Amino acid sequence: QVQLVESGGGLVQAGGSLRLSCAASGRTFSSYSMGWFRQAPGKEREFVATITRTGAYTYYTDSVKGRFTISRDNAKNTVYLQMNSLKPEDTAAYYCAAANGIYYSSRYYDYWGQGTQVTVSS
């Protein structure tokens, strides 16, 4: 079992930055690939970014490439999402999740956090 708790969300103006954190419980954090997803009101949950177990490889959805960076610190059992140049369309609840491989679909993720709200004002 892995428990995930996100933090770092909030209200920011367009062009600003936020860093989301996701703290995991348990000693098996490094055995999971980690992902970030987001869900805006009335929309389906969508993939944002994912990172391999060691952090050697990262993958992003096109709309955030060059603006968002996913990283992890296995010693701290934490995965991060640095979000720069934020846009109003980035407004959503952001979720971290753990999986046994690299996946873009939420259906393959086994564990989920409760989410943290990000609101970008224009």
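A brief look at the structure comes next. Within every chain, residues take consecutive numbers counted from 1 along the sequence as written. Selection of residues for local features in this predicted model requires a pLDDT of at least 70, selection of side-chain atom pairs for listing and counting requires 80 or more, and totals for whole chains, interfaces and linings are taken over all residues. For the side-chain quantities, the full set of heavy atoms in the structure was used; hydrogens and water were omitted.

1. Here we look at the nonpolar core
Here is step 1: In plain words, nonpolar cores are sets of buried Ala, Val, Leu, Ile, Met, Phe, Trp, Tyr and Cys residues tied together by side-chain atoms within 4.5 Å. Only protein chains enter the accessibility calculation, which uses a 1.4 Å probe. A residue is then buried if its area is under 20% of the maximum for its type, exposed if over 50%, and partly exposed in between. Grouped together as the largest cluster of nonpolar side chains are 29 residues, with contacts concentrated most on Leu4, Met34, Trp36, Val79, Leu81, Met83 and Tyr94.
Here is step 2: Secondary structure elements are defined from DSSP: runs of H or I of at least 4 residues count as helices, runs of E of at least 2 residues count as strands, and each element is numbered from the N terminus. Sorting the residues of this core by element identifies strand 3 (18-24), strand 4 (33-39), strand 5 (46-51), strand 7 (68-73), strand 8 (78-83), strand 9 (92-99) and strand 11 (116-121) as the ones contributing at least two each.
Here is step 3: In this structure, Phe37, Phe47, Ala99 and Tyr109 belong to the second largest nonpolar core, which totals five residues.

2. Quick word on the side chain of Ser33
Here is step 1: Following the sequence through the fold, Ser33 ends up in strand 4.
Here is step 2: Excluding residues that lie within four positions of it along the chain, Ser33 makes contacts with Ile51, Thr52, Arg53, Arg72, Ala97, Ala98, Ala99, Gly101 and Ile102. Residue contacts are counted whenever heavy atoms from the two residues lie within 4.5 Å of one another.

3. Points about the state of the cysteines
What makes a disulfide is a covalent bond joining the sulfur atoms belonging to two cysteines.
Here is step 1: A pair of cysteine sulfur atoms is labelled a disulfide when the two atoms are within 2.5 Å. With the rule as written, the count across this model stands at one disulfide.
Here is step 2: Covalent S-S linkage joins Cys22 and Cys96, the inter-sulfur distance amounting to 1.9 Å. An S-S torsion of about 50° defines the bridge between Cys22 and Cys96 as right-handed. A residue pair is termed long-range when its members are at least 10 positions apart, and Cys22 in strand 3 and Cys96 in strand 9 qualify at 74 residues. Of the two residues, Cys22 and Cys96, both sit in the buried class.

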